[in-house]
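Spelled out from the first residue to the last, the chains are:
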Amino acid sequence: MNAETTGRAHRVLEAARRLLDDCAIERAPVDLVRLARHVGIGRIRELDIRLDGQLLERGDGDYEVILSRNASHTRRRFTLAHEIGHILVAAHEDGSMSCGDGPTEELCNRVAAELLMPGRFVHAAITADMDVSGFRRLATQFQCSLEATGWRVLNLGQITGALLVWRQQDDGSLELTAAPRTFGFGLPFDPGHVLEGDLPFVRQLAQRSDGPLAYTHPASGKAYRGDYVRLNKVLLMFLKTDGAAVPGRRRRAAAAPGQRELFRSGEAGE
Ligand SMILES: [Zn+2]
């Protein structure tokens with residue numbers, strides 16, 4: 001089931017957009033505390049808890065949110081926005097505040113994305129040459145994680161591209177842990193695909209924390225370009241078709257069709 005198409009998701013996401021309007025949110029980063037107060041969250045505390053967060057009902061439409069003080073700033077913001085989502089969901093249903101059912105959790109995550117990165121702000125901030133560096137800029141502006149920012153931008157459908165999340169294994173290999181959602185073309189690997197650590201490409205990625213990439217589909221000969229950033233063990237990669245070349249960057253010749261090499265890293269100093 002696609003939550004986007006259900007009336008429930010539509011109503012709750014509409015309520016999230018109304019909440020932004022009611023609180024006169026006009027710029028990023030969104031003042032989440034103001035939103036929280038508006039929906040009845042009278043108290044927000046940061047404590048040592050095992051969960052990311054907890055929503056407590058204190059009666060009479062008065063709520064308390066407890067956030068893990070061990071979570072990152074962006075994680076705490078996401079969690080608070082998610083808990084606001086639960087209140088909006090409850091307001092459109094029978095008022096019960098159940099946590100844990102899959103579709104509700106997913107919907108609350110969508111509400112969190114809407115509140116943290118309001119569509120109209122993000123649309124205004126997206127440029128045609130969006131890449132990982134652009135996602136980073138937005139992540140800072142909206143105080144969201146880089147990955148959440150990337151998904152949000154792609155889910156809005158304004159640009160076409162693939163955000164690939166790789167996790168570096170102990171042996172240096174890279175495992176694809178998340179597949180692109182918005183993507184105008186096919187990649188030859190699925191989640192779980194492993195790039196061996198001894199590939200020249202993977203070794204190059206290990207030497208630099210970020211940089212440009214070029215990729216040619218071995219079968220179709222289609223060329224893609226993009227860039228990547230490595231954050232500890234996670235490598236975020238953004239690819240788009242070569243047809244939508246990134247302005248201000250030199251274009252490189254595409255690798256020959258059928259070429260074994262999957263990726264080439266960009267030239268040094270670019
Ligand atoms: Zn939840």
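Our subject is the structure that appears above.
Residues numbered from 1 in each chain as written. Predicted model: local features only at pLDDT ≥ 70, side-chain atom pairs only at ≥ 80, totals over all residues. Heavy atoms only, no water.

Draft legend 1. Layout of a negative patch on the surface. Together, Asp-170, Asp-171, Glu-196 and Asp-198 make up a negatively charged patch on the protein surface. Along the chain, the position of Asp-171 falls in the loop between strand 4 (162-168) and strand 5 (174-178). Judged by its relative accessible area of 57%, Asp-171 falls in the exposed class. (Patch = residues over 30% accessible without salt bridge, like charges linked within 9 Å, V, L, I, M, F, W, Y side chains within 5 Å. Areas by Shrake-Rupley, 256 points an atom, 1.4 Å probe, with all protein chains shown as cover. Salt bridge = Lys/Arg side-chain N within 4 Å of Asp/Glu carboxyl O. Lys, Arg positive; Asp, Glu negative; His and termini not counted. Charge placed at Lys NZ, Arg CZ, Asp CG, Glu CD. Helix = DSSP H or I, 4+ residues; strand = E, 2+ residues; numbered from the N terminus. Buried < 20%, exposed > 50% of the residue type's maximum accessible area, 1.4 Å probe, protein only.)

Draft legend 2. Highlighting the packing of helix 1 (residues 7-22) against helix 3 (residues 73-91). Two elements in contact, helix 1 and helix 3, have axes separated by 10 Å at closest approach and are oriented at 120°. One finds that helix 1 runs oblique with respect to helix 3. Our pair here, helix 1 against helix 3, has a crossing hand that is right-handed. Taking contact as the criterion, the partners of Arg-8, Val-12, Ala-15, Ala-16 and Leu-19 in helix 1 are, on helix 3, Ile-84, Leu-88 and Val-89. Considered class by class, the residues forming the contact of helix 1 with helix 3 number seven nonpolar, no polar and one charged. (Axes fitted to C-alpha atoms, helices over the stretch in contact; angles between N-to-C directions. Parallel < 35°, antiparallel > 145°, perpendicular 65-115°, else oblique. Left-handed = near helix turned anticlockwise from the far one by under 90°. Contact = heavy atoms within 4.5 Å. Nonpolar A, V, L, I, M, F, W, Y, C, P; charged D, E, K, R; others polar.)

Draft legend 3. Examining helix 4 (residues 102-116) more closely. The end-to-end C-alpha distance of helix 4 is 21 Å, a good match for the 21 Å that 15 residues give at a rise of 1.5 Å each. Listing the buried residues of helix 4 in full gives Thr-104, Glu-105, Leu-107, Cys-108, Val-111, Ala-112, Ala-113, Glu-114, Leu-115 and Leu-116. On its buried side, helix 4 packs onto helix 1, helix 2 (32-38), helix 3, helix 5 (119-125), helix 6 (132-142) and helix 7 (146-155). (Expected span 1.5 Å × (residues − 1).)

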